[in-house]
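Working through the structure, step by step
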Amino acid sequence: MSGTVVVVGSANVDLVVDVPRHPAGGETILGGDLRRTPGGKGANQAVAAARAGGAATTFVGALGRDESGKLLLASLDGAGVRTDTVERVDAPTGTALITVSPDGENAIVVAPGANSRVRVGAAQARRIAAADVVLAQLEIPLGTVIAAARERREGALFVLNAAPSRDLPDALWEQVDVLVVNEHEAGDLAGPGAASPEALAAALLERVPAVVVTLGARGSLVARRGLKPVRVPAAEVAVVDTTGAGDTYCGVLAAALARSGIAGLAQAARLAGAAGALAVTRPGAQDAVPDAADVVALAEHLLVEKN
């Protein structure tokens, strides 16, 4: 069974420029040619869940009635994502301004546009209620994220990728089954006093049942209440562009959890890590999402520490 995933989140058109280095404040530098590609954390994760994760995936989001909206719909449809719950609104499609340095690191500024209008109406709620996993991020209104989590059926998982970093209300904390954060985001949520990934995860487990802390080239840490934390190594790859790699990770993690449930979290992180590694070897966000067969082949070489 493929499992079913509903991703509730943002969709942006990415305007990307390669730069020799990221500019300092007040500085102007010359970059390469402008690239216009489909992106946005929610849309990226939906494409990854469908293409790289093999899950039956629906995207809940909002797009403007513009050419950027058409670009994003075409990308989602091309990946096999259901888009009948995407609403077209009277606002510009979200836009991300991205610079990418030679080492593949990026700097991003997002103009939310239509993403501020994402909502959970009757049609969206019905689709969410039929899903095995509901996945959300924080580029859309917090009220919408909370509403989506509350619509899931009993036994379904709510996975929150708490990015970009922001304070979370208690009403959202109490809905989270699996929290996915990088070290910076984990530190913001855990507060002072926790330095190592294990300490960060332990602090976050006081609020949620399970935490995945992504560590870039060092892999990830998977922690669940009552179990020993598990380290999942990263694959060694040549980095071209890190844009969207974290989103690819989250989408594949959600797809794997839709098949295995929470008991398979460590193995889901292994697949997600392989997908994220493959994504950084190509430019772009959705354009860089790998195929499921390639993810499985690479994941076989990543050994998960046993509890």
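Look a little higher up for the structure.
Residues numbered from 1 in each chain as written. Predicted model: local features only at pLDDT ≥ 70, side-chain atom pairs only at ≥ 80, totals over all residues. Heavy atoms only, no water.

1. With respect to the side chain of Arg 127
Heads up, the condition is: Counting from the N terminus, the helices are DSSP H or I runs at least four residues long and the strands are E runs at least two residues long. Two residues form a contact once any of their heavy atoms are found within 4.5 Å.
Inspection of the secondary structure assignment puts Arg 127 in helix 3 (residues 122-129). In this structure Arg 127 touches Val 6, Thr 58, Arg 82, Asp 84 and Thr 85, once residues within four positions along its chain are discounted.

2. Examining the nonpolar core
The test is simple: Put simply, a nonpolar core is a bunch of buried Ala, Val, Leu, Ile, Met, Phe, Trp, Tyr and Cys residues held in one set by side-chain atoms that sit within 4.5 Å of each other. Think of it in three bands: residues with accessible area under 20% of the maximum for their type are buried, residues over 50% are exposed, and the middle band is partly exposed, with areas taken using a 1.4 Å probe on protein chains only.
If you look at the biggest cluster of nonpolar residues, it comprises 56 residues, and the most contacted ones within it are Phe 59, Leu 253 and Leu 257. Here this core takes ten residues from helix 9 (residues 265-279), the largest share from any one element. If we ignore the near neighbours within four places in the chain, the residues touching Phe 59 are Val 7, Gly 9, Ser 10, Ala 11, Gly 42, Ala 43, Ala 46, Leu 76, Val 81, Arg 82, Thr 85 and Val 86. The next biggest cluster of nonpolar side chains, apart from the first, holds 40 residues, and it includes Val 60, Val 211, Leu 221 and Ala 223.

3. Regarding the sheet that holds strand 7 (residues 94-100)
Here is the rule: By the convention used here, strands pair only if DSSP detects at least 2 bridges between them. Axes here mean lines fitted to C-alpha atoms, for a helix over just the part in contact, with angles spanning 0 to 180 degrees between N-to-C directions.
The strand order across the open sheet built from four strands is 3-2-7-8, with neighbouring strands paired in mixed fashion. The open sheet terminates on both sides in strands that have one partner only, identified here as strand 3 (35-39) and strand 8 (106-111). Adjacent strand axes in the sheet meet at a mean angle of 25° when their direction is disregarded. Bridge analysis of strand 2 (residues 12-18) against strand 3 gives five bridges, and the strand direction is antiparallel. Among the inter-strand pairings, Asn 12 is bridged to a residue of strand 3, identified as Gly 39. Sitting on the sheet, helix 2 (residues 67-78) touches strand 2 and strand 3, and the angle it makes with strand 3 is about 60°.

4. Re the pairing of strand 12 (residues 210-214)
Across a regular strand the side chains alternate sides, sitting on one face of the sheet and then on the other. Within strand 12, four of the five residues are buried, which leaves it mostly tucked inside the rest of the structure. Judged from the five bridges that link them, strand 11 (residues 178-182) and strand 12 form a sheet pairing that is parallel. Looking at the pairing, Val 178 lines up with Ala 210 of strand 12. Note that strand 12 and strand 13 (residues 220-224) share five bridges and pair antiparallel. Note that in strand 13 the partner of Val 211 across the bridge is Ala 223.

By themselves, these are just geometric observations and shouldn't be taken as functional.
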